[in-house]
Amino acid sequence: MASKRVMIRIGDIGRVVTGKTPPTADTENYGGKLPFITPSDMDGNKYIYRTARTISEKGAKPLKNLHVPPKTVFVSCIGSDMGKVGMTRVESVTNQQINSIVVKNGIDPDYIYYNLYSRKNEFQRLATSGSAQPILNKGHFSQLKIILPTIAEQRAIARVLGTLDEKIELNKKMNEILEAMARAIFKSWFIDFDPVHAKAKGRDPKLPKQITDLFPDSFEQSQLGEIPKGWRGETLGSILELAYGKGLREQDRRLGYIPVHGSNGQVGWHDKKLVDGPGIIVGRKGNPGIVTWSHTDFYPIDTTFYVVPKQKELSLYYLFYALQLQDLPSLNADSAVPGLNRHLAYMNLQVVPENKVVKIFDAFVIPVYKKIFKNEQEISILAAIRDTLLPKLLSGEIRIKDTEKFAEATI
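Residues numbered from 1 in each chain as written. Predicted model: local features only at pLDDT ≥ 70, side-chain atom pairs only at ≥ 80, totals over all residues. Heavy atoms only, no water.

**Student:** I'm lost on the sheet that holds strand E7 (residues 93-94) in this one. Help?
**Tutor:** Hydrogen bonds between backbone groups are what pair the strands of a sheet, and the pairing can be parallel or antiparallel. Pairing is mixed in the open sheet, where three strands are placed in the order E4-E3-E7. The outermost strands of the open sheet, each flanked by one partner alone, are strand E4 (53-55) and E7. For strand E3 (residues 30-37) and E7, the ladder comprises two bridges, and the chain directions are parallel. Its bridge partner lying in E7, Phe36 is registered against Val93. (Pairing = 2+ DSSP bridges. Helix = DSSP H or I, 4+ residues; strand = E, 2+ residues; numbered from the N terminus.)

**Student:** Which parts of the structure should I look at to understand the pattern of salt bridges?
**Tutor:** Pairing is possible between side chains of opposite charge, provided their charged atoms come close. Tallied over the full model, the rule gives 22 salt bridges. As a salt-bridge pair, Lys71 and Asp110 come within 2.8 Å of each other at their nearest N and O atoms. Separated by 39 residues along the polypeptide, Lys71 in the loop between helix H1 (57-60) and strand E5 (73-76) and Asp110 in helix H2 (residues 109-117) bring together distant segments of the chain. When its relative accessible area of 33% is taken as the criterion, Lys71 is described as partly exposed. (Salt bridge = Lys/Arg side-chain N within 4 Å of Asp/Glu carboxyl O. Buried < 20%, exposed > 50% of the residue type's maximum accessible area, 1.4 Å probe, protein only.)

**Student:** What exactly am I supposed to notice about the sheet that holds strand E18 (residues 299-300) here?
**Tutor:** Taken in spatial order, the three strands make up an open sheet running E15-E14-E18, and their pairing is mixed. Taken across any chain shown, the strands that pair with only one partner, and hence form the sheet edges, are strand E15 (265-270) and E18. Of the pairings in the sheet, the one linking strand E14 (residues 258-262) to E15 comprises five bridges and is antiparallel in character. Bridging across to E15, Pro259 finds its partner in Trp269.

**Student:** Is there a simple way to explain the pairing of E5 in this structure?
**Tutor:** Regular strands have side chains that alternate between both faces of the sheet. What you see with E5 is no split at all: Val73 and Val75 on one side and Phe74 and Ser76 on the other are buried throughout. In this sheet, strand E8 (residues 98-103) lies alongside E5 in antiparallel orientation, the contact comprising four bridges. Across the sheet, the residue bridging to Phe74 is Ser100, located in E8.

**Student:** What's the story with helix H11 (residues 355-395) in this structure? I'm lost.
**Tutor:** In an α-helix there are 3.6 residues to a turn, and that puts residues three or four apart on one side. Relative to the 60 Å expected for 41 residues at 1.5 Å per residue, H11 spans 60 Å between its end C-alpha atoms, a close match to the ideal helical length. The sharpest bend along H11 reaches about 30 degrees and sits at Leu389, with the proline Pro391 one to four residues further on. Just past H11, the residue Gly396 takes up positive phi, approximately 80 degrees. (Expected span 1.5 Å × (residues − 1). Bend = angle between axes of the 7 residues up to and from the residue.)

**Student:** Is there a simple way to think about the nonpolar core in this case?
**Tutor:** It is characteristic of soluble globular proteins that their nonpolar side chains tend to be buried jointly. Grouped together as the largest cluster of nonpolar side chains are 45 residues, with contacts concentrated most on Leu240, Ile280, Val282, Tyr318, Leu323, Leu328 and Tyr369. Considering every element that reaches this core, the biggest residue donor is helix H9 (residues 316-324), with eight residues. What Leu328 contacts, discounting residues up to four positions off in sequence, is Leu236, Val282, Gly289, Val291, Leu323, Leu340, Ala345 and Asn348. Ile10, Cys77, Ile146 and Ile385 belong to the second-largest nonpolar core, a separate cluster that totals 41 residues. (Core = buried A, V, L, I, M, F, W, Y, C linked by side-chain atoms within 4.5 Å. Contact = heavy atoms within 4.5 Å.)

**Student:** Honestly, the packing of helix H5 (residues 151-191) against H9 in this entry has me stumped. Any pointers?
**Tutor:** The relative placement of two packed helices comes down to the angle between their axes together with the axis-to-axis distance. Running from amino to carboxyl end, H5 crosses H9 at an angle of 80 degrees, the nearest separation of the two axes being 11 Å. In this view, H5 runs roughly perpendicular relative to H9, as classed from their interaxial angle. Residues Glu179, Ala182, Arg183, Phe186 and Phe190 of H5 form the contact with H9, whose participating residues are Tyr318, Tyr321, Ala322 and Gln324. Grouping the amino acids of the contact of H5 with H9 by side-chain chemistry returns six nonpolar, one polar and two charged. (Axes fitted to C-alpha atoms, helices over the stretch in contact; angles between N-to-C directions. Parallel < 35°, antiparallel > 145°, perpendicular 65-115°, else oblique. Nonpolar A, V, L, I, M, F, W, Y, C, P; charged D, E, K, R; others polar.)

**Student:** Just checking my understanding: could you explain H2 for this structure?
**Tutor:** Counted residue by residue, H2 has eight buried out of nine residues, so it is predominantly covered. Those residues of H2 not exposed but buried are Pro109, Asp110, Tyr111, Ile112, Tyr113, Tyr114, Asn115 and Leu116. Here H2 starts with a cap whose side-chain oxygen sits 3.0 Å from the backbone nitrogen of Asp110, and that cap is Asp108. (Polar contact = N/O pair within 3.5 Å; in protein donor to acceptor, adjacent residues only side chain to side chain.)

**Student:** What exactly am I supposed to notice about the side chain of Lys46 here?
**Tutor:** Along the polypeptide, Lys46 turns up in the loop between E3 and E4. For Lys46, the residues in contact, after removing those within four places along its chain, are Gly86, Met87, Asp110, Tyr113, Tyr114, Asp165 and Glu169.

**Student:** Please clarify how the packing of aromatic side chains should be interpreted in this entry.
**Tutor:** The relation between two aromatic rings is expressed through the spacing of the ring centres and the mutual angle of the planes. Per the stated rule, a full pass over the model turns up 25 aromatic pairs. Seen from their ring centres, Phe186 and Phe361 are 5.7 Å apart, and the 65 degrees between their planes marks the pair as edge-to-face. In this pair, Phe186 is assigned in helix H5 and Phe361 in helix H11, connecting sequence segments 175 residues apart. Among the residues examined, Phe361 registers a relative accessible area of 0% and is labelled buried. (Phe/Tyr/Trp six-rings, centres within 6.5 Å; stacked < 30°, edge-to-face > 60°.)

By themselves, these are just geometric observations and shouldn't be taken as functional.
Now the structure itself:
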């Protein structure tokens, strides 16, 4: 039997707040402890863990009536980011592109989050467009209706979906840690030369002996300045090729399991690969110089380059971190459309270690990347389950008890 449900205006489930941006000309308004949330900070996660900017005490004071507490649900209501939804973990301020709901007692804010999360397309349709950008203003937003089941059912629905989101966020955090570990080792060994410095000064590099023995104990001059003895400084053009991706319009892509990569990461799927994976993609147009990774075979489109190694002793894993630290975006050479000139990139210098050191680095990184890929696959499955359950739970089409058992079995 269906539970009792009521239809209520968003404006009646709590206080609706439209944010505001402190004057940006005064830099003293920024740099404090109060998170300043904008649509670009809304990255698909339920909670916002980091914001690009924070607000100082000076910047926060004139906005005191616009501060929102933890567990506030917020929706981006202007422009191309229309319909993004998130929740605050701590007291925060948003910009004017976001309407927030400080949910009143007796209503579950997590249920409100999931209800609004499911309605992105509806928000985009409703947005009025008196100017170039679609806008869902505070008044219109407050009048939208939302279905409220009993508080017990609200909490049960939020618990099922929240369990899946918690596992998704846990996997994402684990991947951030794994990526940071690999990046830190690359920097220590191949940028800061920590093991070589330690051996040169007679200190313990604090690595296993069989790894310590692979590093030289002195430096020598090169085009890059002092580098470990026996290592080389070479141009990027001598160690890799930036090969052109190939055009593949969105309407020409077919359902498949091959990731399609644009200049800033994956942009879709296709049923045919262009390049064997794993591989490195470098943004050519749009986001020039952005370096991303594909765990599998992939299809880089014509706004990208993909990397073809020229020297067997340098693995793709080594080249990936080396390219990330080359500051390729600064080589943007197209004044009309941002673009990376590969001939300029080829002139950059790169340290080339001895092959035995690169092999040890790979021996550490490859298992790390396998774990990251496994976590990403789990994230995709869990998100698909969540997005399938969401409308059925909100509509009452499926029973909560059955769903809770399914979610527990899934994770």
